Amino acid sequence: MVSSRARRTLVTTLLLAPASAWLVVFLVLPFIAVLVFSVGERAPEGGYQAALSFAQYANLGARSTAFWNTAILAPAGAFACLLVAYPVAYYLAVKAPPRWRLILLALVVIPFWTSLLMRSYAWMYILGSRGIPALLDLVGIPDVRLLNTPGSVLIGIVYGYLPLMILPIYVSLERLDRRLLEASADLGATPFSTFFGVTLPLSLPGVMTGFSLVMILLLGEYLIPTLLGGGKVFFIGNALVDLFLQSRNWPFGSAIAVTLVVASVVVLMIANRIAARVSGARQVDLI
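Residues numbered from 1 in each chain as written. Predicted model: local features only at pLDDT ≥ 70, side-chain atom pairs only at ≥ 80, totals over all residues. Heavy atoms only, no water.

### Some points on the overall build of the protein
When its secondary structure is counted, the protein shows 12 helices and 0 strands. Written out in order from the N terminus, the α and β elements of the protein read α-α-α-α-α-α-α-α-α-α-α-α. On C-alpha atoms alone, the protein measures out to a radius of gyration of 24 Å, which is more than a quarter above the 19 Å that the 2.2 N^0.38 rule sets for 287 residues. Principal-axis analysis of the C-alpha atoms places the extent of the protein at approximately 85 × 75 × 30 Å. Buried positions account for 35% of the 287 residues belonging to the protein. Intrachain contacts of the protein at a sequence separation of at least 6 include 71% that bridge at least 24 residues. Summing over all exposed atoms, the protein offers an accessible surface of approximately 16,900 Å²; the carbon and sulfur share of this is 70%. (Helix = DSSP H or I, 4+ residues; strand = E, 2+ residues; numbered from the N terminus. Rg over C-alpha atoms; globule rule 2.2 N^0.38 Å. Buried < 20%, exposed > 50% of the residue type's maximum accessible area, 1.4 Å probe, protein only. Contact = heavy atoms within 4.5 Å. Areas by Shrake-Rupley, 256 points an atom, 1.4 Å probe, with all protein chains shown as cover.)

Written as structure tokens, this is what we have:
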């Protein structure tokens, strides 16, 4: 006779088996292959040649420009998204009339229904010589170049990833206990003090979720730097495309990819640590 605990264990195992198999086949095994490639050597005709060498990791500095651009522009882009997303999420969760809230949320998500490629091409026209620079030239400000600059890449990042930042912050703010805001006001706190003493701390888990999500995606971003950076501003994703498809240096590209995965894990660990501390502090404060 099989015990009830054994039956529950069997049912749980069967339910998790499809998802586990999916993760192993499409996540774990490809990463193992990339890890193996990263300690190999480039074959004479390009591609991978079996070896055991860490020279690829020692040569990461050869792509220092891509690492540097990513290390600067990815956090800057995520922070810019945060500065734009928080007021929007705050209005949707706290100030917007309930009957309009769902419609406004839909308007936030609607850009995702359009390909990022098409939206990036639209920004290429807006920032190109026939867009904003042409209008500035009409009012007496000539020779303004907006396209193919770090600023244009940041604009594309904010526009492309803004919904991913708004939604987690909105969820945190929507769950906010309004009685805490009322209690803060009853105790004589100004709206400014209430925001920084109550609203912002309680919404930090959503802020960290949105920031880490956008940050991780930006670490591997390829399309926006290619179109809006014009080959002058490129990320690690652009270096990977060059190494795998053009230079055919698979071991070096794999070493960079492994480094990118490690960086993503570090970002997640930091975000989880901050969120855990914030959650712990919130529980103590409420008690």
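### Concerning the side chain of Ser53
Note that Ser53 resides in the loop between α1 (4–38) and α2 (55–58). A polar atom in the side chain of Ser53 sits 3.1 Å from the backbone nitrogen of Ala55. Leaving out residues up to four positions away in the same chain, Ser53 has contacts with Ser38, Val39, Gly40 and Glu41. (Polar contact = N/O pair within 3.5 Å; in protein donor to acceptor, adjacent residues only side chain to side chain.)

### A look at unusual backbone geometry
With a phi close to 55°, Asp143 is a non-glycine residue in the positive phi region. Secondary-structure assignment places Asp143 in the loop between α6 (132–138) and α7 (150–174). Since its relative accessible area comes to 80%, Asp143 is described here as exposed. Within the chain, Arg248 stands out as a residue other than glycine whose phi angle is a positive 55°. As for its position among the elements, Arg248 is in the loop between α11 (236–246) and α12 (250–286). The exposure class of Arg248 is partly exposed, given its relative accessible area of 33%.

### With respect to a nonpolar patch on the surface
Side chains of Trp22, Leu23, Val24, Val25, Phe26, Leu27, Val28, Leu29, Ile32 and Val36 sit close together on the surface and give an oily, nonpolar patch of about 940 Å² of accessible area. Along the polypeptide, Val28 turns up in helix α1. (Patch = residues over 30% accessible without salt bridge, like charges linked within 9 Å, V, L, I, M, F, W, Y side chains within 5 Å. Salt bridge = Lys/Arg side-chain N within 4 Å of Asp/Glu carboxyl O.)

### Section: the packing of helix α8 (residues 178–186) against helix α9 (residues 191–219)
At a minimum axis separation of 10 Å, α8 and α9 run at an interaxial angle of 165°. In terms of orientation, α8 and α9 fall into the roughly antiparallel class. At the point where α8 passes α9, the crossing takes the right-handed sense. Taken together, the residues of α9 that come into contact with α8 (itself represented by Leu180, Leu181, Ser184 and Ala185) are Thr194, Val198, Thr199 and Leu202. Split into classes, the residues belonging to the contact of α8 with α9 amount to 5 nonpolar, 3 polar and no charged. (Axes fitted to C-alpha atoms, helices over the stretch in contact; angles between N-to-C directions. Parallel < 35°, antiparallel > 145°, perpendicular 65-115°, else oblique. Left-handed = near helix turned anticlockwise from the far one by under 90°. Nonpolar A, V, L, I, M, F, W, Y, C, P; charged D, E, K, R; others polar.)

### What to know about the pattern of salt bridges
Throughout the structure, instances matching the rule amount to 2 salt bridges. Here Asp242 ties to Arg63 by a salt bridge, and the two come within 2.8 Å at their closest N and O atoms. A residue pair is termed long-range when its members are at least 10 positions apart, and Asp242 in helix α11 and Arg63 in the loop between α2 and α3 (64–95) qualify at 179 residues. Exposure remark for Asp242: the relative accessible area of 19% places this residue in the buried category. With a relative accessible area of 23%, Arg63 lands in the partly exposed category. Between Asp177 and Arg179 there is a salt bridge, and its shortest N-O distance comes to 2.9 Å. On the basis of relative accessible area, Asp177 is assigned to the partly exposed category, the value being 29%. For Arg179, a relative accessible area of 60% puts it in the exposed group.

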